[in-house]
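# Examining the three-dimensional arrangement
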Amino acid sequence: MTRRAARVNQAGLLAVGLLLLAAGAAALARGLDLRPDLLGPAHAPLISSYLRQYPRNHRWFWPAAAGVAVLVALLALRWLSIQGATGAIGRLPLETDDRGGATHLPARAATAALEQDLAASPDLPRVRAILTGTPRAPRLILTVTLSASADPAAARHRIDQAIGRLRQTLDTENLPAVLHLRITAARI
Amino acid sequence: MTAVAEAGWQARTSGQLPPPEERGVTRIPDRVVERITARAAGEVDLASGLTRRGVRRQLSRAGGRAAPTVSVQVDGQLAIVRLGLAVTYPAPARQVARQVREHVTARVGEMTGLRVRQVDIEVTGLARPSSRIALTTVTSTDSGQAGPAGLLSAAPAGDRAARRAFRPQRTLPAVTVAAVLAAGAILTAIQVIAARTGHTVQVLPVAWLDHTGRDQRWDGAGPVAVAAAVTALGLVLIWRAVSAGRSAMIRLAAGPGTMTAISRRSLRRSLEAAAIAPEGVTGARVRPGRHRVHVQARTALRDAPELQEAVRQAVTLRCQALGLAGPLAIRVTVTRSEDSP
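Residues numbered from 1 in each chain as written. Chains lettered and ligands numbered in written order. Predicted model: local features only at pLDDT ≥ 70, side-chain atom pairs only at ≥ 80, totals over all residues.

In this section: the overall build of chain B. From N to C terminus, chain B includes 10 helices and 11 strands. Buried positions account for 34% of the 341 residues belonging to chain B. Taking as baseline every contact in chain B between residues at least 6 positions apart, the subset at least 24 positions apart corresponds to 64%. (Helix = DSSP H or I, 4+ residues; strand = E, 2+ residues; numbered from the N terminus. Buried ≥ 20, exposed ≤ 12 C-beta atoms within 10 Å, placed from the backbone. Contact = placed C-beta atoms within 7 Å.)

Residues and elements named next belong to chain A. The pairing of strand β3 (residues 126–133) with strand β4 (residues 138–147) spans eight bridges and is classified as antiparallel. Among the inter-strand pairings, Thr-132 is bridged to a residue of β4, identified as Arg-139. Connecting the antiparallel pair β3 and β4 is a turn made up of four residues. Assessed by its sense of winding, the connection that carries the chain from β4 through helix α6 (residues 152–170) to strand β5 (residues 177–184) is right-handed. (Pairing = 2+ DSSP bridges. Right-handed = clockwise from strand over helix to strand, strands pointing away.)

Let us now look at the environment of Pro-29 of chain B. With respect to the element layout, Pro-29 of chain B can be found in strand β2 (residues 26–29). For Pro-29 of chain B, a count of 12 C-beta atoms within 10 Å translates into the label exposed.

This part takes up the interface of chain A and chain B. Between chain A and chain B, the residue contacts involve 81 residues of the former and 83 residues of the latter. At the level of elements, α1 (3–31), α4 (61–81), β2 (103–106), α5 (107–119), α6 and β5 of chain A are the ones that each hand at least two residues to the side of chain A that touches chain B. Of the residues forming the side of chain A that touches chain B, the biggest block, 20 residues, is contributed by α1 of chain A. A class-by-class count of the residues in the side of chain A that touches chain B yields 51 nonpolar, 19 polar and 11 charged. Relative to strand β6 (residues 115–127) of chain B, β2 of chain A runs parallel, the two sharing two bridges. Residue His-104 of chain A lies in a different strand from β6 of chain B, and its bridge partner there is Glu-122 of chain B. (Nonpolar A, V, L, I, M, F, W, Y, C, P; charged D, E, K, R; others polar.)

Time to look at the sheet that holds β5 of chain A. Read from one edge to the other, the open sheet built from five strands follows the order β3(A)-β4(A)-β5(A)-β8(B)-β7(B), with strand pairing classed as mixed. The open sheet has two edge strands, β3 of chain A together with β7 (250–252) of chain B, and neither has a second partner. Ignoring which end each strand starts from, the neighbouring axes of this sheet average 25° apart. Of the strand pairs in this sheet, β4 of chain A and β5 of chain A are connected by eight bridges, and their pairing is parallel. The residue bridging Ile-141 of chain A from the neighbouring strand is Val-178 of chain A, located in β5 of chain A. Relative to the sheet, α6 of chain A contacts β4 and β5 of chain A together with β8 (258–262) of chain B, its axis offset from that of β4 of chain A by approximately 155°. (Axes fitted to C-alpha atoms, helices over the stretch in contact; angles between N-to-C directions.)

On to the packing of α4 of chain A against helix α6 (residues 171–196) of chain B. Packing of α4 of chain A against α6 of chain B brings their axes to within 8 Å, and their N-to-C directions diverge by 150°. As summarised for this structure, α4 of chain A and α6 of chain B are arranged roughly antiparallel, according to the angle between their axes. Handedness of the crossing formed by α4 of chain A with α6 of chain B: left-handed. Facing Trp-62, Ala-65, Ala-66, Ala-69, Val-70, Val-72, Ala-73, Ala-76, Leu-77, Trp-79 and Leu-80 of chain A of α4 of chain A, the residues of α6 of chain B in contact are Val-175, Ala-178, Ala-179, Leu-181, Ala-182, Ala-185, Ile-186, Thr-188, Ala-189, Val-192, Ile-193 and Arg-196 of chain B. Residues that form the contact of α4 of chain A with α6 of chain B fall into these classes: 21 nonpolar, one polar and one charged. (Parallel < 35°, antiparallel > 145°, perpendicular 65-115°, else oblique. Left-handed = near helix turned anticlockwise from the far one by under 90°.)

Here chain B averages 76 in pLDDT, and 73% of its residues register 70 or above. Across the interface, the model reports ipTM at 0.74; the global pTM reads 0.69. (pLDDT = per-residue confidence, 0-100.)

In structure tokens:
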């Protein structure tokens, strides 16, 4: 999940919510006969004869309706598709001065090393690491699942040490890390 | 392409030989340069061709000796090298790569006379250290970020990075709305386009809509109810978009440069596991509230006044171990579970 997806979700929900609120409130106001001067009479069919004739008198109506439907469908599918995005970056450039040759490290290799490092502990059954951000300024997102019986202080110490080793390998003091701690249900 | 090399030892023997231009040339095949490069790269500490996946492939190809993958491009006296190699974890990869680059440049230069201008290195993997090289632990530079956060409060107001990191995602409502929107729009598009092109497709209940639109009136019970429902749904979505939500992650004391958070549910599981640890406690329910933790412990013992303190201590210790900062307000009630008949 990326920050972009979070922003899009918020904006999308707000937009759809406002549309529904506007349409629902208008229909409600008409049904309750609050503003007959503006919205029309309450005791009238949902689709008036004028509305019924409208597409027949305006040739552009159905093509436009089809176009709007296709556009909305594409936008909604795009909205769905970004939900699965992790924002993971592909390759990290390690060499700042690449005139004598560049050095690259696949981000997957770095996260795999960290995962293997932590997986050695029996108290940490599941570890998932992702590098996001930009290749020049990566950020680490680490999700660690801990059994409920394990000592969280020891586990967190181990995790801090492991992150330190990854920072050492990437040769950066400044790899911001976000750790999500999860606890599995206790075995009965 | 093969390299034309002027061997370095010619100076020593120049006395007995005709002038250089009459002596002919020494051609070094690219394959040889590649071998020299691979050998040179393998000589650097902490660099190898030994990735776990690479091992088998390398062994079968090199006849038992693991080596980095190499390609060399030679043009006249100039060589461009591409290297794929593994670096032992957790050695600093950039420094190891620099050593490899320098060593390869020097070795290829002295053995073939080629000038290596560029060594591009792809670190194909970070290999687990062999048993003799232990994982060295770096000294943690504690930047003192473990400041006191409120007990179960979300990120403090000023901490922008943390707020962004633990921002609510709203995935479930977003996926639901997007899926409904997509389905509705696709069906509408199919219906409209099919009708325009003279096909008879019924993916939407057109006849029913037509019928309802004519017979139902705006002030009818059905339309008013639907309008009210749509209005309510709109309000719910707006509220979901605007409010931060209670399910925000709870921040824990941070390690150096690390922001840590735990979900409310995980916190509850961890504290419950701690609360049932004292002998005599048969079950526990924990409700982490905004300002304090309420622990309900059950016991089969009729008279056990010490249990309350024992549970409080266990939960307090677990809170500290998790790194829940701030003053802890823990309320413990011990109830006696009914004797089974």
